[in-house]
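Commentary on secondary and tertiary structure
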Amino acid sequence: MDRFREKTCIVTGGARGIGAAIATRLGTEGCTVAIFDIDEQAGQYRQRELEKNGIKAVFYKVDVASEEMVKQAVEDFY
């Protein structure tokens, strides 16, 4: 399952719940997962869990209601 190999997927709200499930699924499909979430503790936990399962993941503390925070996180990633 490598249909997203060498791709990056940004998952907003990816630290918990449906967002975490989406991040996991996309990671199993081969992409690097960038988790954007306001909950720093949950985001760091999710990053570690994804990495334990062999998924490349990075967490950014981002309030997606802030265009500037989103822009900065994307620039930091790339």
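Scroll up for the structure.
Starting afresh in each chain, residues are numbered from 1 along the sequence in its written order. Given that this is a predicted model, residues contribute local features only at a pLDDT of at least 70 and side-chain atom pairs are listed and counted only at 80 or more, while totals for whole chains, interfaces and linings are drawn from all residues. Note that the side-chain values use all heavy atoms of the structure and ignore hydrogens as well as water.

1. A few points about the pattern of salt bridges
Side-chain pairs of opposite charge can arise whenever the charged atoms involved come near each other. Note the following rule: Salt bridges are identified by distance alone: a Lys or Arg side-chain nitrogen within 4 Å of an Asp or Glu carboxyl oxygen. The helix count covers DSSP runs of H or I at least four residues long, the strand count covers runs of E at least two residues long, and both are numbered beginning at the N terminus. Summary of the burial criterion: residues with accessible area below 20% of their type's maximum are buried, those above 50% are exposed, and those between are partly exposed, where the area comes from a 1.4 Å probe applied to protein chains only.
In total, this model carries five salt bridges according to the counting rule given. Between aspartate 39 and arginine 16 there is a salt bridge, with the nearest N and O atoms lying 3.7 Å from each other. Taken together, the residues span a long stretch of sequence, with aspartate 39 in the loop between strand S2 (32–37) and helix H2 (40–52) and arginine 16 in the loop between strand S1 (8–12) and helix H1 (17–28) at a distance of 23 residues. Residue arginine 16 is classed as exposed on the basis of its relative accessible area of 51%. For glutamate 49, the salt bridge identified is with lysine 52, shortest N-O distance 3.2 Å. Residue glutamate 49 and its partner lysine 52 are located together in helix H2, separated by three residues, close to a single helical turn. Of the residues examined, lysine 52 reaches a relative accessible area of 64% and is grouped as exposed. Look at the salt bridges and you will find they share partners, linking Arg3, Arg25 and Glu29 into a network.

2. Side note on the sheet that holds S2
What counts here: Here, strands pair whenever DSSP counts at least two bridges between them. Throughout, an axis means a line fitted to C-alpha atoms (over the contacting stretch in the case of helices), and angles, computed between N-to-C directions, take values from 0 to 180 degrees. Should any heavy atoms of two residues lie within 4.5 Å, those residues are counted as being in contact.
Reading across from one edge, S1-S2-S3 is the order of the three strands in this open sheet, with parallel pairing throughout. Lying at the two open borders of the sheet, with one neighbouring strand each, are S1 and strand S3 (57–61). The average undirected angle you get between the axes of adjacent strands in this sheet is 20°. As paired elements, S2 and S3 share five bridges and run parallel to each other. Residue isoleucine 35 lies in a different strand from S3, and its bridge partner there is phenylalanine 59. Taken strand by strand, H1 contacts S1 and S2, and its axis lies near 170° from that of S1. Its contacts with the sheet put helix H3 (residues 67–77) on S1, S2 and S3, and the angle it makes with S3 is roughly 150°.

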